[in-house]
Amino acid sequence: MSESLKTDILRHLTFTIGKDAANATIYDWRMALSHAMRDRIMEPWFAATRRTWAEDRKRVYYLSMEFLIGRLLEDATINLGLHEEAVAAMAALGQDFHAVVEDEPDAALGNGGLGRLAACFMESMATLGCPAYGYGIRYEHGLFRQSFRNGEQMETAENWLDHPHPWEFPRPEARYVIPFKGQVEVRNGRSVWTPAETVLAEAHDTPVIGWQGKWANTLRLWSARPTGDFNLERFNKGDYAAAAEPEALARTLSRVLYPDDTTYQGKELRLKQEFFLTSAALQDILRRFLQSHSDLRLLSRHVAIQMNDTHPAIAGPELIRLLVDDHGMEFREAMQVAQQVLGYTNHTLLPEALERWATYTFGNVLPRHMQIVEQIDGWHLEENRRRPHYVGIVKHAEVRMGELAFITAHKVNGVSALHTELIKTNLFPELNDLHPNRIVNQTNGVTPRRWLKMCNPALSGLITDTIGSGWEADLDRLRDLEPHVEDPAFRQAFGTAKRDNKVKLAAWLERTCGVDVDPDALFDVQVKRLHEYKRQLLNILETVARWKAIHDNPNAGWVPRVKIFGGKSAPGYAVAKEIIHLINDVATVLNNDPVTSDLLKVAYPPNYNVSMAERLVPAADLSEQISTAGKEASGTGNMKFMINGAPTIGTLDGANVEILKEVSGENFFLFGLTAEEVVKRREDPEHARHAIESSQALKDVLQMIAEGRFSPDQPDRYHALVHRVWHHDYFLVASDFDSYIETQGKVDAAFTDRDRWLRMAALNTARSGFFSSDRTIRGYMTDIWDIGPAI
């Protein structure tokens, strides 16, 4: 097989890339290998498509603003079962496979857990043989590339598309006109929308191969293009900017993920992006359905559409518009069809994250949809007029997208057991009363192929040697490791695998950040997007308290620690960016302190992405999941760390609750207030002051920060942040601080007992089977999509 692969690599090097082996760069070798692997995906991809058509199978359509797919080359070799052959073929050609893999840029198609979950789901749907399309936007520059200048976050454009993307296929024949703005008139009793602006959505398809190459689905990403031709007349008259303006304005829609929406223009662009994705997807779905069927009333027999959070919530009104305006269906019938096919996944309990659009903005950008939203609202009110707790979609001159998604979907799901209950009781209590069986739970999961087999070959190899193969597609089999956890030889091998990963990470941190760390220290990792509710601030405040305590008593037998942070702040989120600056300022002081640097270091590698996570997760000793209880919907990072043998320090929040249930209390470091206690604590307007005044450690830490100990060039730099902790501590950093410090002491004690720690770590891996995204997708297929596997 490696000889055949070697031949194909050389063929692509010559005939696709146009290079000979003597003059090929690492980029050339990567492209040649990628094309050779892509060739091997074609047959299962085509076969899956042909079979879906031949058997008239129902398809899932997953709409998401993000697909954080990471690098695809090594993932393809793993799922095709060709990893060893690829390594051997590249070695025979004088190339290092791992260096070639490292040359691949991460696809800049997402930011955090929402996008990574969507990518895991696509891979699991392919593994399970669930026919599916993922629909997203082909962002040219992604969110942004993060760097640090004097500790502050800097944002520059991602450049992942500077070189050709070898995994995608342009589909110029799959183009749809996307309308905006304009006027709506009534003609012959029907509404007619005359848009003032239009763009074209053009498709680019990437195959998504499942485990062992048995099935493949399609990720279809849309690029925006102008509807008109290039204005050659203007160009020839010297008006070059005006000639290029239509293309520039169209491409704006697919340039950047989550453009800053602090201006009206930014808000309008975000709404346009969401509609661009959704309208293109729905037009594509209806076209595909009508190729083999004629009665759109039967759409739900062949189509299930999942809205990943509120970004695609415009799907309900847009589907109704297409059915009514383009296909002549009556509103009530169209509303019924929409509800039958649409499902809505809620990912947040933060009210500000449930999108709300000013009716002026919404009506200006999508005037026909404003009418339809009001029609949906009126229909829903009429259907529930006798119920005491009616809640509307349009309220206080805002269109509330969470309520819109809820009302237009037949199922609404949370992503952890706690989150789902809080959706019912806190987020949508009135709608839950009206529709008591609509909300269901589907706890998130992650794919074990990428997040164990690929990213952690040392541990996955040990697992296979111990319990045999097959666990990759049946993660519950990790329970078979439990009897071996009591074997000292297994624990030793488990510890060796972890240390090997830490040695590799230590070398990478030195190259990347210039931070020299000891692989035998406790690697304490918190990596996720920066948000106050995720409480990176709590972590860095505890780090400062630890530093002070070491200074006060340097011979107290401290466990050496490396605090590792990773994550981006939204460009307009000033408080989160201030926290990043503080973390980096603290790192500068601590890493250069001759008294403490052997015992405590801080590393913050910039531009956290999937590939960085694949380095950090296998090497982590401790997983920081410390959000304010009742705020994190689920989390998936917690699952990745658990699978890779890192015990959690965390609150009773999101999927932490289910992790604790699986591993039991002695293998989980629990601290902090519960969701109910959080609500009660906030009833005291002075809760932060009371907490700080009762904690000498926290008082000392805030004083050091306020007096400029970590910002000597600007002593008042963090006055506003300290003031926020004292007076506006909505996320209860102060209230949970002492509990967090006490629990970190328990972590130290456990880590000192190496045998106990290895047992805890190994049991986390052994009991992680529940958190496979395969299990999650099976739940969606049964409870929401009503679809069976094709394999």
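Right above here is the structure, for reference.
Residues numbered from 1 in each chain as written. Predicted model: local features only at pLDDT ≥ 70, side-chain atom pairs only at ≥ 80, totals over all residues. Heavy atoms only, no water.

Caption draft 1: The overall build of the chain, seen in detail. If you tally the helices and strands in the chain, you get 32 helices and 22 strands. The C-alpha radius of gyration computed for the chain amounts to 27 Å, which stays within 12% of the reference 28 Å derived for 791 residues, consistent with globular compactness. For the chain, the spread of C-alpha atoms along the three principal axes comes to 85 × 70 × 65 Å. A burial count over the chain gives 60% of its 791 residues as buried. Put simply, 77% of the contacts in the chain that link residues at least 6 apart link residues at least 24 apart. Only carbon and sulfur atoms are counted for the fraction: they give 49% of the accessible area of the chain, which is about 29,700 Å². Each charge class in the chain can be summarised by its mean position, and for the 88 positive and 107 negative side chains these summaries are 3 Å apart. (Helix = DSSP H or I, 4+ residues; strand = E, 2+ residues; numbered from the N terminus. Rg over C-alpha atoms; globule rule 2.2 N^0.38 Å. Buried < 20%, exposed > 50% of the residue type's maximum accessible area, 1.4 Å probe, protein only. Contact = heavy atoms within 4.5 Å. Areas by Shrake-Rupley, 256 points an atom, 1.4 Å probe, with all protein chains shown as cover. Lys, Arg positive; Asp, Glu negative; His and termini not counted. Charge placed at Lys NZ, Arg CZ, Asp CG, Glu CD.)

Caption draft 2: View of the packing of helix α1 (residues 2-15) against helix α4 (residues 83-92). Where α1 contacts α4, the axes come no closer than 9 Å and their chain directions differ by 60°. Relative to α4, the element α1 lies oblique. As α1 packs across α4, the resulting crossing turns out to be right-handed. Counting all contacts with α1, which are made through Ser2, Leu5, Lys6 and Ile9, the residues of α4 involved are Glu85, Ala86, Ala88, Ala89, Met90 and Ala92. (Axes fitted to C-alpha atoms, helices over the stretch in contact; angles between N-to-C directions. Parallel < 35°, antiparallel > 145°, perpendicular 65-115°, else oblique. Left-handed = near helix turned anticlockwise from the far one by under 90°.)

Caption draft 3: Just the packing of aromatic side chains, in detail. Summed over all chains, the structure comprises 23 aromatic pairs. Pairing Trp45 with Phe46 gives two aromatic rings, centres 6.0 Å apart and planes at 20°, and the pair type is stacked. A relative accessible area of 3% places Trp45 in the buried class. Phe46 sits in the partly exposed class, given a relative accessible area of 39%. Note on Tyr62 and Phe121: the rings are 6.0 Å apart at their centroids and 75° apart in plane angle, and the pair reads as edge-to-face. Remark: Phe121 occurs in helix α6 (residues 113-128) and Tyr62 occurs in strand β1 (residues 59-63); sequence separation between them is 59 residues. (Phe/Tyr/Trp six-rings, centres within 6.5 Å; stacked < 30°, edge-to-face > 60°.)

Caption draft 4: Highlighting the pattern of salt bridges. Under the criterion given, the structure shown has 70 salt bridges. Across the pair Asp524 and Arg561 runs a salt bridge, and its minimum N-O distance is 2.6 Å. Of this pair, Asp524 sits in strand β17 (residues 522-527) while Arg561 sits in strand β18 (residues 561-566), and the two are 37 residues apart along the sequence. You'll find Asp524 and Arg561 in the same group, each marked buried. Ionic pairing is found between Glu632 and Lys534, a salt bridge with its closest N-O pair at 2.9 Å. Of this pair, Glu632 sits in the loop between β20 (622-625) and α24 (637-643) while Lys534 sits in the loop between β17 and α21 (536-552), and the two are 98 residues apart along the sequence. (Salt bridge = Lys/Arg side-chain N within 4 Å of Asp/Glu carboxyl O.)

Caption draft 5: Geometry of the nonpolar core. In terms of nonpolar packing, the biggest core is built from 143 residues, with Ile9, Met125, Trp222 and Trp785 touching the most fellow members. Element by element, the count of residues in this core is highest for helix α9 (residues 264-292), at 11 residues. Once you skip the residues sitting within four places of it in the chain, Met125 turns out to touch Val60, Tyr62, Cys130, Ala132, Asn217, Ile777 and Trp785. (Core = buried A, V, L, I, M, F, W, Y, C linked by side-chain atoms within 4.5 Å.)

Caption draft 6: The arrangement of the sheet that holds strand β21 (residues 648-650) in detail. Pairing within the open sheet is parallel, and its 6 strands lie in the order β19-β18-β17-β20-β21-β22. Since the sheet does not close on itself, it has two edges, and those belong to β19 (600-603) and β22 (669-670), each with one partner. Alignment of β18 against β19, held across 4 bridges, turns out to be parallel. For Val562, the partnering residue across the bridge sits in β19 and is Lys601. (Pairing = 2+ DSSP bridges.)

Caption draft 7: Summary view of helix α8 (residues 240-251). End to end, α8 covers 17 Å across 12 residues, agreeing with the expected 16 Å (1.5 Å per residue, within 8%). Among the residues making up α8, those that are buried are Ala242, Ala243 and Ala250. Buried residues in α8, looked at end-on, bunch into an arc of 130°, giving them a common side. In α8, the exposed residues that point more than 90 degrees away from the buried face are Tyr240, Ala241 and Leu249. Those residues of α8 that are buried are in contact with β8 (197-209), β9 (216-226) and α7 (232-236). (Expected span 1.5 Å × (residues − 1). Arc of directions from axis to C-beta.)

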